[in-house]
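# Coordinate inspection notes
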Amino acid sequence: MRSLGRRLINRVITQTKSQQRQHQSVITRSISSSSSSTRISSPFYIQTYKFSSSAFNPSRTQFLNSTKCTGFGGQKRSMFIQTQSTPNPSSLMFYPGKPVMEVGSADFPNPRTAMNSPLAKAIYGVDGITRVFFGSDFVTVTKSEEASWDLLKPEIFAAIMDFYTSGKPLFLDASVASAKDTAIHEDDTEIVAMIKELLETRIRPAVQDDGGDIVYRGFDPETGVVKLQMQGACSGCPSSAVTLKSGIENMLMHYVPEVKSVEQEMDEEEVNEEENESVTS
């Protein structure tokens, strides 16, 4: 028994040393300027990476201890940021460990729409970013096909940490921050109210877990068509059409017999992209 206990202790010590060797300290930004008499060092970032599977979600990796150093001997601030993959290989979820949206969600399909949000604008400042989405406790970032996550991640980490340490508001104009599209209004019919309730309680939580959201755009009682808009990681995802038809449409038709089909309504940017692709082909 004593020898078995020793072997177990030695195994734990060996595993601990192996995990410690996995830590890599990388200086991602170090800019300095000097003159004949003085030397000035601008803020830089020391980021310690530890990639491991989350106990609750194997697809989630952890980014630990992002520390901002403001000069020599200056104030240090650190954040715990996690990333999680999505069904869309071009989208990645970033969890800053702090609340993002208090109510609803916000989608920024292009840099112009991000002008009202300092955080979204900062993320769009990174080359290769094509879409930004805010959820309750995460930020989904979508990149172009040619961009690499290995190069984008450190810049996105820095943008998120800069925002949360700056004290700036998430939106410059809070009145246009988000729209509660599934809120039930007094003039909604019973069918529309049922559709909104299903979207809010059954469908939306599952979609948000994948880094996206679904926005209710309307219901035509004559044709039985429900129009929805995909946002975040769900927008442009190869499996979004399957999710829309096989999952959402079947559920709505099951609980609301008046619903005959579900159609996706694209935003202006997506319509323009499809038109450009059709012209070039």
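You'll find the structure just up there.
Conventions and cut-offs
- Counting restarts for each chain, with residues numbered from 1 along the sequence as it is written.
- Given that this is a predicted model, residues contribute local features only at a pLDDT of at least 70 and side-chain atom pairs are listed and counted only at 80 or more, while totals for whole chains, interfaces and linings are drawn from all residues.
- For side-chain calculations, the full set of non-hydrogen atoms in the structure is used, while hydrogens and water are omitted.
- Numbering of helices and strands starts at the N terminus; helices are DSSP runs of H or I of at least 4 residues and strands are runs of E of at least 2.
- A 1.4 Å probe rolled over the protein chains alone gives each residue an accessible area, and that area as a share of the maximum for its type sets the label: buried under 20%, exposed over 50%, partly exposed in between.
- It only takes one pair of heavy atoms within 4.5 Å for two residues to be counted as in contact.
- For the purposes of this section, nonpolar cores are sets of buried Ala, Val, Leu, Ile, Met, Phe, Trp, Tyr and Cys residues that join through side-chain atoms within 4.5 Å.
- One less than the number of residues in a helix, times 1.5 Å, gives the span that helix is expected to have.
- The term polar contact refers here to a pair of N or O atoms within 3.5 Å; inside protein, the definition further demands a hydrogen-donor-capable atom paired with an acceptor-capable atom, and it admits residues adjacent in sequence only when both atoms are side-chain atoms.
- Only strands that DSSP links by at least two bridges are regarded as paired with each other.
- Inter-axis angles, ranging from 0 to 180 degrees, are taken between N-to-C directions of lines fitted to C-alpha atoms, where helices are fitted over the stretch in contact.
- What counts as a ring pair is set by centres within 6.5 Å for rings of Phe, Tyr and Trp (its six-membered ring), and what kind of pair is set by the plane angle: stacked under 30 degrees, edge-to-face over 60, tilted for all other angles.

Turning our eyes to something else, we now look at the overall build of the chain. A count of helical and extended segments in the chain gives 6 helices and 13 strands. Here the chain holds 281 residues, and the buried ones make up 42% of them. Long-range contacts, defined as pairs at least 24 residues apart, comprise 53% of the intrachain contacts of the chain with a sequence gap of at least 6.

Residues F108, I129, V132 and F134 are the most contacted members of the largest nonpolar core, which totals 30 residues. Mapped onto this core, the elements with two or more residues apiece are β6 (76–85), β7 (91–95), β8 (106–108), α2 (118–124), β9 (129–134), β10 (139–143) and α3 (149–166). Top element by residues in this core is α3. It accounts for 8 residues. In this structure V132 touches A106, D107, F108, A120, I123, Y124, V139 and T140, once residues within four positions along its chain are discounted. Residues V192, L199, M230 and C234 belong to the second largest nonpolar core, which totals 19 residues.

The next subject is α3. With 18 residues, α3 extends 25 Å between its outermost C-alpha atoms, agreeing within 8% with the 26 Å of an ideal straight helix rising 1.5 Å per residue. Residues W149, L152, K153, P154, I156, F157, A158, A159, I160, M161 and F163 constitute the buried set of α3. For α3, the N-terminal cap is S148; the gap from its side-chain oxygen to the backbone nitrogen of D150 is 3.3 Å.

Before going further, it helps to examine the sheet that holds strand β13 (residues 261–264). Read across the open sheet, the 3 strands follow the order β11-β12-β13; overall the sheet is mixed. Edge positions in the open sheet fall to β11 (212–220) and β13, since each of these has one partner strand only. Between one strand axis and the next, the sheet turns through 30° on average, direction left out of account. By the bridge criterion, 8 bridges tie β11 to strand β12 (residues 225–232) in an arrangement that is antiparallel. Among the inter-strand pairings, D220 is bridged to a residue of β12, identified as V225. With respect to the sheet, helix α4 (residues 190–209) is in contact with β11 and β12, its orientation differing from that of β11 by roughly 165°.

Moving on: the packing of aromatic side chains. Under the criterion given, the structure shown has 8 aromatic pairs. Between F108 and F134 the ring centres are 4.9 Å apart and the planes differ by 65°, which places this aromatic pair in the edge-to-face class. Residue F108 is located in strand β8, and its partner F134 is located in strand β9; the two are separated by 26 residues in the primary sequence. Cluster of aromatic residues (ring-pair linked, three or more members): F94, W149 and F157.

By secondary structure assignment, the location of C237 is in the loop between β12 and α5 (240–255). Here C237 falls in the buried class, since its relative accessible area comes to 8%. Distance from C237 to P89, taken between C-alpha atoms, is 8.0 Å for residues 148 residues apart in sequence. Aside from chain neighbours lying at most four places away, what touches C237 is P87 and N88.

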